[in-house]
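A structural walkthrough
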Amino acid sequence: MSVRGTNRLMAPLRRRLRVLFTRGVVRLIDPGTLMQSLQVEGLAGELMSGVEHFEAYGLTAHPHPGAEALLAALGGDRSHTVAVTVADRRYRLTNLAPGEVALYDDRGNKVHLMRDKVKVTAVDHLEATAPTTLITSEVTIDGNLKVKGDITDRYATTGTTLNHVREVYNGHDHDENDGGSTSSPNQSM
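As the structure is a computational prediction, the values presented were derived from the model and not from experiment.

Residues L134, I135, V139, I141, L145, V147, I151, L162 and V165 make up a contiguous nonpolar surface patch of roughly 770 Å² in combined accessible area. Since its relative accessible area comes to 36%, L162 is described here as partly exposed.

See the structure below:
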(Lines give C-alpha, C1' and ligand atoms only; values in the text may rest on other atoms or scores of the structure.)
Protein backbone atom coordinates (compact mmCIF):
# COMPACT_ATOMS: atom_id res chain seq x y z
CA MET A 1 0.00 0.00 0.00
CA SER A 2 1.26 3.46 -0.87
CA VAL A 3 1.94 6.23 1.66
CA ARG A 4 -1.03 8.11 0.25
CA GLY A 5 -3.29 5.09 0.77
CA THR A 6 -2.01 4.61 4.32
CA ASN A 7 -2.65 8.30 5.11
CA ARG A 8 -6.18 7.98 3.75
CA LEU A 9 -6.82 4.92 5.95
CA MET A 10 -5.32 6.60 9.02
CA ALA A 11 -7.13 9.96 8.63
CA PRO A 12 -10.31 8.93 10.51
CA LEU A 13 -8.19 7.48 13.33
CA ARG A 14 -6.12 10.69 13.55
CA ARG A 15 -9.31 12.79 13.73
CA ARG A 16 -10.71 10.64 16.54
CA LEU A 17 -7.44 10.78 18.48
CA ARG A 18 -7.29 14.57 18.13
CA VAL A 19 -10.71 14.98 19.74
CA LEU A 20 -10.36 12.17 22.30
CA PHE A 21 -9.50 14.58 25.16
CA THR A 22 -10.36 18.23 25.36
CA ARG A 23 -11.06 20.99 27.84
CA GLY A 24 -14.42 22.60 28.39
CA VAL A 25 -16.20 25.18 30.52
CA VAL A 26 -19.20 24.11 32.61
CA ARG A 27 -22.32 26.13 31.73
CA LEU A 28 -25.16 24.24 33.49
CA ILE A 29 -25.31 21.55 36.18
CA ASP A 30 -28.05 19.03 36.97
CA PRO A 31 -27.08 17.66 40.41
CA GLY A 32 -30.28 15.61 40.72
CA THR A 33 -29.28 12.79 38.40
CA LEU A 34 -27.55 9.62 39.65
CA MET A 35 -24.46 10.55 37.66
CA GLN A 36 -24.28 14.36 37.75
CA SER A 37 -25.14 15.80 34.34
CA LEU A 38 -23.42 18.85 32.87
CA GLN A 39 -23.80 21.15 29.93
CA VAL A 40 -20.29 22.00 28.80
CA GLU A 41 -18.92 24.39 26.20
CA GLY A 42 -16.09 22.63 24.40
CA LEU A 43 -13.93 23.42 21.38
CA ALA A 44 -14.90 26.45 19.29
CA GLY A 45 -18.08 27.05 21.29
CA GLU A 46 -19.39 23.49 20.82
CA LEU A 47 -22.21 23.04 23.37
CA MET A 48 -22.55 19.50 24.76
CA SER A 49 -25.50 18.59 26.98
CA GLY A 50 -26.01 15.51 29.13
CA VAL A 51 -22.28 15.13 29.78
CA GLU A 52 -21.90 12.69 32.68
CA HIS A 53 -19.56 13.90 35.41
CA PHE A 54 -17.59 10.98 36.84
CA GLU A 55 -16.73 11.66 40.48
CA ALA A 56 -14.57 9.65 42.86
CA TYR A 57 -16.51 7.32 45.16
CA GLY A 58 -17.49 9.07 48.39
CA LEU A 59 -16.87 12.57 47.04
CA THR A 60 -19.30 14.81 45.24
CA ALA A 61 -19.54 18.51 44.51
CA HIS A 62 -21.86 20.93 42.77
CA PRO A 63 -19.53 23.11 40.69
CA HIS A 64 -20.35 26.68 39.73
CA PRO A 65 -20.91 27.61 36.11
CA GLY A 66 -17.53 28.69 34.77
CA ALA A 67 -15.65 25.75 36.30
CA GLU A 68 -13.39 23.85 33.92
CA ALA A 69 -13.78 20.23 32.85
CA LEU A 70 -11.45 17.67 31.34
CA LEU A 71 -13.56 15.90 28.74
CA ALA A 72 -13.07 12.48 27.17
CA ALA A 73 -14.91 11.43 24.01
CA LEU A 74 -15.35 7.71 24.60
CA GLY A 75 -14.14 5.75 21.61
CA GLY A 76 -13.32 9.09 19.96
CA ASP A 77 -17.07 9.69 19.55
CA ARG A 78 -17.91 13.34 20.47
CA SER A 79 -21.57 12.40 20.94
CA HIS A 80 -20.51 10.25 23.94
CA THR A 81 -18.40 12.70 25.90
CA VAL A 82 -17.93 12.42 29.68
CA ALA A 83 -16.34 14.79 32.19
CA VAL A 84 -13.42 12.97 33.79
CA THR A 85 -12.93 15.75 36.32
CA VAL A 86 -14.13 19.28 37.04
CA ALA A 87 -11.92 21.87 38.72
CA ASP A 88 -12.33 25.54 39.55
CA ARG A 89 -9.18 27.63 39.76
CA ARG A 90 -11.19 30.53 41.23
CA TYR A 91 -11.55 28.71 44.57
CA ARG A 92 -8.71 26.18 44.66
CA LEU A 93 -6.51 26.27 47.77
CA THR A 94 -2.89 26.94 46.94
CA ASN A 95 0.47 26.43 48.63
CA LEU A 96 -0.30 23.17 50.42
CA ALA A 97 2.80 21.37 51.70
CA PRO A 98 3.84 18.13 49.95
CA GLY A 99 1.48 15.33 51.03
CA GLU A 100 -1.25 17.61 52.40
CA VAL A 101 -4.89 17.26 51.35
CA ALA A 102 -7.83 19.65 51.62
CA LEU A 103 -11.56 19.76 51.01
CA TYR A 104 -12.84 23.25 50.30
CA ASP A 105 -15.69 25.29 48.87
CA ASP A 106 -16.22 28.68 47.29
CA ARG A 107 -17.07 30.40 50.61
CA GLY A 108 -13.82 29.57 52.42
CA ASN A 109 -14.99 26.52 54.39
CA LYS A 110 -12.26 23.90 54.45
CA VAL A 111 -10.91 20.75 56.05
CA HIS A 112 -7.15 20.86 55.71
CA LEU A 113 -5.19 17.68 56.49
CA MET A 114 -1.87 19.27 57.39
CA ARG A 115 1.41 17.53 58.23
CA ASP A 116 0.99 18.00 62.00
CA LYS A 117 -2.75 18.62 62.51
CA VAL A 118 -6.18 18.76 60.93
CA LYS A 119 -7.47 22.31 60.54
CA VAL A 120 -11.20 22.85 60.07
CA THR A 121 -12.30 26.32 59.00
CA ALA A 122 -16.02 27.07 59.06
CA VAL A 123 -17.25 30.42 57.73
CA ASP A 124 -20.58 30.44 59.60
CA HIS A 125 -20.69 27.56 62.05
CA LEU A 126 -19.32 24.08 62.56
CA GLU A 127 -21.68 21.23 63.32
CA ALA A 128 -20.55 17.74 64.23
CA THR A 129 -22.80 14.77 64.91
CA ALA A 130 -21.55 11.45 66.23
CA PRO A 131 -23.10 8.66 68.30
CA THR A 132 -19.83 8.01 70.17
CA THR A 133 -16.55 9.73 70.98
CA LEU A 134 -15.73 12.23 68.28
CA ILE A 135 -12.55 13.95 69.49
CA THR A 136 -9.89 12.35 71.67
CA SER A 137 -7.34 15.16 71.86
CA GLU A 138 -7.14 18.82 72.81
CA VAL A 139 -9.46 21.26 71.06
CA THR A 140 -8.82 25.01 70.97
CA ILE A 141 -11.77 27.26 70.28
CA ASP A 142 -11.35 30.93 69.43
CA GLY A 143 -14.86 32.17 70.10
CA ASN A 144 -18.02 30.94 71.77
CA LEU A 145 -18.98 27.33 72.33
CA LYS A 146 -22.69 26.54 72.19
CA VAL A 147 -23.78 23.06 73.17
CA LYS A 148 -27.33 21.80 72.62
CA GLY A 149 -26.82 18.77 74.86
CA ASP A 150 -25.16 18.39 78.27
CA ILE A 151 -21.45 18.49 79.09
CA THR A 152 -19.61 15.83 81.09
CA ASP A 153 -15.84 15.88 81.66
CA ARG A 154 -13.37 13.24 82.85
CA TYR A 155 -13.72 14.28 86.51
CA ALA A 156 -17.50 13.87 86.54
CA THR A 157 -18.99 11.04 88.54
CA THR A 158 -21.83 9.00 87.06
CA GLY A 159 -24.73 11.28 86.23
CA THR A 160 -22.82 14.49 86.97
CA THR A 161 -22.95 17.00 84.16
CA LEU A 162 -22.18 20.71 83.88
CA ASN A 163 -25.91 21.41 84.17
CA HIS A 164 -26.08 19.35 87.41
CA VAL A 165 -23.12 21.29 88.85
CA ARG A 166 -24.84 24.56 87.95
CA GLU A 167 -28.10 23.47 89.67
CA VAL A 168 -26.26 22.49 92.87
CA TYR A 169 -24.24 25.74 92.90
CA ASN A 170 -27.25 27.99 92.25
CA GLY A 171 -29.27 26.30 95.00
CA HIS A 172 -26.66 26.17 97.76
CA ASP A 173 -26.76 28.28 100.97
CA HIS A 174 -24.08 29.96 103.09
CA ASP A 175 -24.34 29.13 106.82
CA GLU A 176 -21.58 31.62 107.70
CA ASN A 177 -23.43 34.73 106.43
CA ASP A 178 -25.74 37.01 108.44
CA GLY A 179 -24.67 35.89 111.89
CA GLY A 180 -25.10 32.19 111.31
CA SER A 181 -28.29 32.25 109.28
CA THR A 182 -28.34 30.94 105.77
CA SER A 183 -28.59 33.06 102.68
CA SER A 184 -28.33 32.37 98.95
CA PRO A 185 -25.21 33.50 97.10
CA ASN A 186 -25.33 36.84 95.31
CA GLN A 187 -24.42 35.38 91.96
CA SER A 188 -25.83 32.61 89.82
CA MET A 189 -24.40 30.83 86.84
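To continue, consider the pairing of strand β5 (residues 81-87). Bridge analysis of strand β3 (residues 47-53) against β5 gives 2 bridges, and the strand direction is parallel. Note that in β5 the partner of H53 across the bridge is A83. As defined by bridge partners, strand β4 (residues 68-73) adjoins β5 across 6 bridges and the pair is classed as antiparallel. If you follow A73 over to β5, its bridge partner there is T81.

Taken residue by residue, the chain gives an average pLDDT of 85. The fraction at 70 or more is 87%. The least confident element of the chain is helix α2 (residues 162-171), whose mean pLDDT is 74; the most confident is strand β2 (residues 37-41), at 98.

Attention shifts here to the pairing of β4. For strand β1 (residues 21-30) and β4, the ladder comprises 5 bridges, and the chain directions are antiparallel. Counterpart to F21 in the pairing with β4 is A72.

Structurally, the position occupied by R107 is in the loop between β6 (101-104) and β7 (110-113). Counting along the chain gives 15 residues from R107 to A122, while the straight-line C-alpha distance between them is 9.1 Å. Among residues more than four places away in sequence, those in contact with R107 are V123 and D124.

Each strand in a sheet pairs with another by means of backbone hydrogen bonds, the pair being arranged parallel or else antiparallel. Taken in spatial order, the 3 strands line up as β6-β7-β8 in an open sheet, and their pairing is antiparallel. In this open sheet, the two edge strands, each paired with only one partner strand, are β6 and β8 (118-121). Recorded for the sheet is a direction-independent mean angle of 5° between the axes of neighbouring strands. Taken together, the 4 bridges between β7 and β8 define a ladder with antiparallel strand orientation. Within β8, the position partnered with L113 by the bridge is V118.

Moving on to the sheet that holds β3. Taken together, the 5 strands give a closed barrel; going around it, the order is β1-β2-β3-β5-β4, and neighbouring strands pair in mixed fashion. Shown here is a sheet whose adjacent strand axes are inclined to one another by a mean of 50°, direction ignored.

Conventions used here
- The residue numbers shown here count from 1 along each chain, following its written sequence.
- Confidence filtering applies because this is a predicted model: local features only for residues at pLDDT of at least 70, side-chain atom pairs given and counted only at 80 or more, and all residues used for totals across whole chains, interfaces and linings.
- Side-chain numbers here rest on the full set of heavy atoms in the structure, without hydrogens or water.
- Exposure above 30% relative accessible area and the absence of a salt bridge qualify a residue for a patch, where like charges join within 9 Å and nonpolar side chains (Val, Leu, Ile, Met, Phe, Trp, Tyr) within 5 Å.
- The Shrake-Rupley method, run with a 1.4 Å probe, gives the accessible areas here. Residue values count only the displayed protein chains as cover.
- Think of a salt bridge as a Lys or Arg side-chain nitrogen and an Asp or Glu carboxyl oxygen that are within 4 Å of each other.
- For each residue, the accessible area found with a 1.4 Å probe, counting protein chains only, is set against the maximum for its type, and the residue is called buried under 20%, exposed over 50%, and partly exposed in between.
- Pairing between strands is defined by DSSP: at least two bridges between the two strands are required.
- In DSSP terms, a helix is any run of H or I states spanning at least four residues, a strand is any run of E spanning at least two, and both are numbered starting from the N terminus.
- Confidence of the predictor at the level of single residues is given by pLDDT, which spans 0 to 100.
- Here, residues are in contact when the closest pair of their heavy atoms is within 4.5 Å.
- Every axis in this analysis is a line fitted to C-alpha atoms, fitted for helices over the stretch in contact. Angles between the N-to-C directions lie between 0 and 180 degrees.

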